[in-house]
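The residues making up each chain are set out below.
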Amino acid sequence: MALEPAARSALAEMIDAIDGRGFRSPELMVIGDNALNGMSSATLDGRRAAAAPPVMAAAAAGLPIRPVTLPRAVLADMEQACRDLAAGALNVAGFRERILGDLALWEADLAGPKAEGPAWFDVLAISGAAVADLTDAASGSAGGARRMLAGAAKRFRAAAGLPGDELVEIHMGVETVHTLNPRGLAELDGLTQVDHVDLRRPKRLVIGVGQNDGLVSAIMAGKRIDVFDRRLARLPEAMRRLGEALAPGLEETQRVVLLGLPRPGLVANLRPKTLHPDEQDPGRDPKARDHWRRYVGFLAMRGDMTGREVVEFDAHAAETWRKAVEAFRGAIGRTADRVIEVDPATLLAPYDQKHGGAGLPVDVGGRRLALGNLIIDPETPGLYGIDNLNLNGAGQALIARALADALVPGTGDAVDIDAAARAEPLLHDAPPLLNPAAFLISLLSPFVTFERI
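Residues numbered from 1 in each chain as written. Predicted model: local features only at pLDDT ≥ 70, side-chain atom pairs only at ≥ 80, totals over all residues. Heavy atoms only, no water.

Q: Provide a residue-level description of the overall build of the protein, including the pertinent values.
A: The helix and strand inventory of the protein stands at 17 helices and nine strands. In summary, the protein has a C-alpha radius of gyration of 21 Å against a globular reference of 22 Å for 453 residues, a match within 12%. Considering only C-alpha atoms, the protein reaches an extent of 65 × 50 × 45 Å along its principal axes. The buried share among the 453 residues of the protein stands at 59%. Across the protein, the centroid of the 50 positively charged side chains sits 2 Å from that of the 59 negatively charged ones. (Helix = DSSP H or I, 4+ residues; strand = E, 2+ residues; numbered from the N terminus. Rg over C-alpha atoms; globule rule 2.2 N^0.38 Å. Buried < 20%, exposed > 50% of the residue type's maximum accessible area, 1.4 Å probe, protein only. Lys, Arg positive; Asp, Glu negative; His and termini not counted. Charge placed at Lys NZ, Arg CZ, Asp CG, Glu CD.)

Q: Outline the pairing of strand β9 (residues 367-371), supporting the account with residue identities and numerical values.
A: Direction of pairing for strand β8 (residues 360-364) relative to β9: antiparallel, over a ladder of five bridges. Across the sheet, residue D363 finds its bridge partner in β9, namely R368. From the end of β8 to the start of β9, which pair antiparallel, there are two residues, and G365 there has a positive phi angle of about 60°. (Pairing = 2+ DSSP bridges.)

Q: Now, about the environment of D337: what can you tell me, with residues and values included?
A: Examined against the element boundaries, D337 turns out to sit in the loop between α13 (307-332) and β7 (339-342). C-alpha of D337 to C-alpha of Q254: the two residues are 83 residues apart in sequence and 9.8 Å apart in space.

Q: Please set out the sheet that holds β7 residue by residue, giving values where relevant.
A: Ordered in space as β1-β2-β3-β7, the four strands form an open sheet in which the pairing is parallel. Both outer strands of the open sheet, β1 (29-32) and β7, are each paired with one neighbouring strand and no more. Pairwise comparison of adjacent strand axes, ignoring direction, gives a mean angle of 20° for this sheet. As paired strands, strand β3 (residues 255-259) and β7 are joined by four bridges and run parallel to one another. Within the sheet, the bridge partner assigned to V257 lies in β7 and is I340. (Axes fitted to C-alpha atoms, helices over the stretch in contact; angles between N-to-C directions.)

Q: Please set out the pattern of salt bridges residue by residue, giving values where relevant.
A: Scanning the model with the defined rule gives 27 salt bridges in all. With a closest N to O distance of 3.9 Å, E252 and R201 form a salt bridge. Taken together, the positions of E252 in the loop between α12 (235-246) and β3 and R201 in the loop between α9 (193-200) and β2 (204-208) put the pair 51 residues apart, joining distant regions of the chain. In this structure R201 comes out as buried when scored by relative accessible area, which is 8%. One salt bridge connects R329 with E341, and the closest N-O pair in it is separated by 3.9 Å. With R329 in helix α13 and E341 in strand β7, this pair connects stretches of sequence that are twelve residues apart. Residues joined in a network through salt bridges with shared partners are D198, R201, E251 and E252. (Salt bridge = Lys/Arg side-chain N within 4 Å of Asp/Glu carboxyl O.)

Q: Kindly report on unusual backbone geometry, identifying the contributing residues and their values.
A: Going from V74 to L75, the amide bond is cis rather than trans, its omega being -5°. Mapped onto the secondary structure, L75 falls in the loop between α3 (53-61) and α4 (78-86). Residues other than glycine seldom take positive phi values, yet R201 does so here, at roughly 55°.

Q: I'd like a description of the nonpolar core, backed by residues and values.
A: If you look at the biggest cluster of nonpolar residues, it comprises 126 residues, and the most contacted ones within it are I207, M239, L242, L246, F328 and L383. Tallying contributions element by element places helix α15 (residues 393-407) first for this core, with ten residues. In contact with I207, other than residues within four places in its own chain, are I31, L36, L242, L246, V256, V257, L258, L259 and F328. With eleven residues, the next largest nonpolar core counts L11, A119, L185 and L191 among its residues. (Core = buried A, V, L, I, M, F, W, Y, C linked by side-chain atoms within 4.5 Å. Contact = heavy atoms within 4.5 Å.)

Q: Mind laying out helix α7 (residues 142-158), listing which residues take part and the relevant values?
A: The end-to-end C-alpha separation of α7 is 24 Å, in line with the 24 Å expected for 17 residues at 1.5 Å each. Taken together, the buried positions of α7 are A142, G143, G144, A145, M148, L149, A152, A153 and F156. Each element contacted by the buried residues of α7 is listed here: α5 (92-109), α6 (137-140) and α8 (164-180). (Expected span 1.5 Å × (residues − 1).)

Q: So what's going on with α8? Which residues, and what values?
A: With 17 residues, α8 extends 24 Å from end C-alpha to end C-alpha; this agrees with the ideal 24 Å at 1.5 Å per step. In terms of burial, α8 is largely enclosed, as 16 of its 17 residues are buried.

Q: Hey, could you go over the packing of α3 against α15 for me, with residue numbers and the actual values?
A: In a pair of packed helices, the angle between the axes and the distance between the axes together describe the arrangement. Contact geometry for α3 and α15: axes closest at 7 Å, N-to-C directions at 50°. Classified by the interaxial angle, the pair formed by α3 and α15 is oblique. Between α3 and α15 the crossing geometry is right-handed. Contacts from P53, P54, M56, A57, A60 and A61 in α3 reach G393, Q396, A397, I399, A400, L403, A404 and L407 in α15. Grouping the constituent residues of the contact of α3 with α15 by class yields twelve nonpolar, two polar and no charged. (Parallel < 35°, antiparallel > 145°, perpendicular 65-115°, else oblique. Left-handed = near helix turned anticlockwise from the far one by under 90°. Nonpolar A, V, L, I, M, F, W, Y, C, P; charged D, E, K, R; others polar.)

Written as structure tokens, this is what we have:
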């Protein structure tokens, strides 16, 4: 909703009085999904949020930014779960109890207005958000998320095991409430990410959204399913609507940085069907380039895409995103000439070890590593977390470098990728068991069938 000028000014003055200056006309705001909030290894916590790509980019570009602060993980630390599983200290039942314990703490935190703590953050990206969630108050505001969280928590407690739909809704509910309204202020409860942009009028805006509109679901499934394709086909129209909703809040924005979609074939989770890619000849069909004969979605080990189908899916995703950007630019009007695109596929393609790339060289504890997009395990360091869907700290630093250059040209080199790699536990202290198949499948395979991943 576009706020009336008087109402917007009054609300901004109220927030200023509660939480100091910096709310209005911030140097930088960030909206979107888990591509920009620091999520990795199916986990979001304070460490990851503080090193999210736009946070690293802001530091390199010399721009102030207030990242999300988190008292604990949302909802559990999957890397720690792997460690505990390897040590015999955890099973699925124990993991359920751990989630219930964290959920109870979050419910207490989010129960009502707080007298202390930040009232706002500059990074508003929410894990699992689809394009519509940036504008739909029913799913994308703190008030709507409270209702979603209450319903999902009730169903989760009544169910056995780890039902995937409820886990996703609980995670998104907790994160949305805390991110968009950390103090629990009644005046902010109905605002979406786009409403916050309209309220605050940033000088620079980073947007990264669209991957959860069918694309990641297909990558996880290792198969193009009709429901996923239909959602992806609606992406240009969804981006047009997003542009229309954003336009009033962009009148004073000097630069809009738009992060593109991942290329499906580059994502580690869409892996060659063989466990050892070097034991299988690449597909010889020239239309498949140097792709393998068959691919599956790693987390659930399901699906069966041919190399040619992966190449076609890559091209389809790229063309759909081109149309989406065109629709977005057309909808935001005069601000269209201020849009700068950052393409993650271009950034990650040189390190495509699945298809012959050499990997990104980094120095971690005196070891020279080559990081790419193979499935990560103790012997194969890479650019992804243990979910093999979200980039780890080193991969996110690559994105941060490009974002910094887009925000303030010439500042990207200030992002220290080696430092980000050294700070990434997976590259120097990986869990002893990174592929506990029965455990991860029981936890995460339900996400494959859930459309809002």
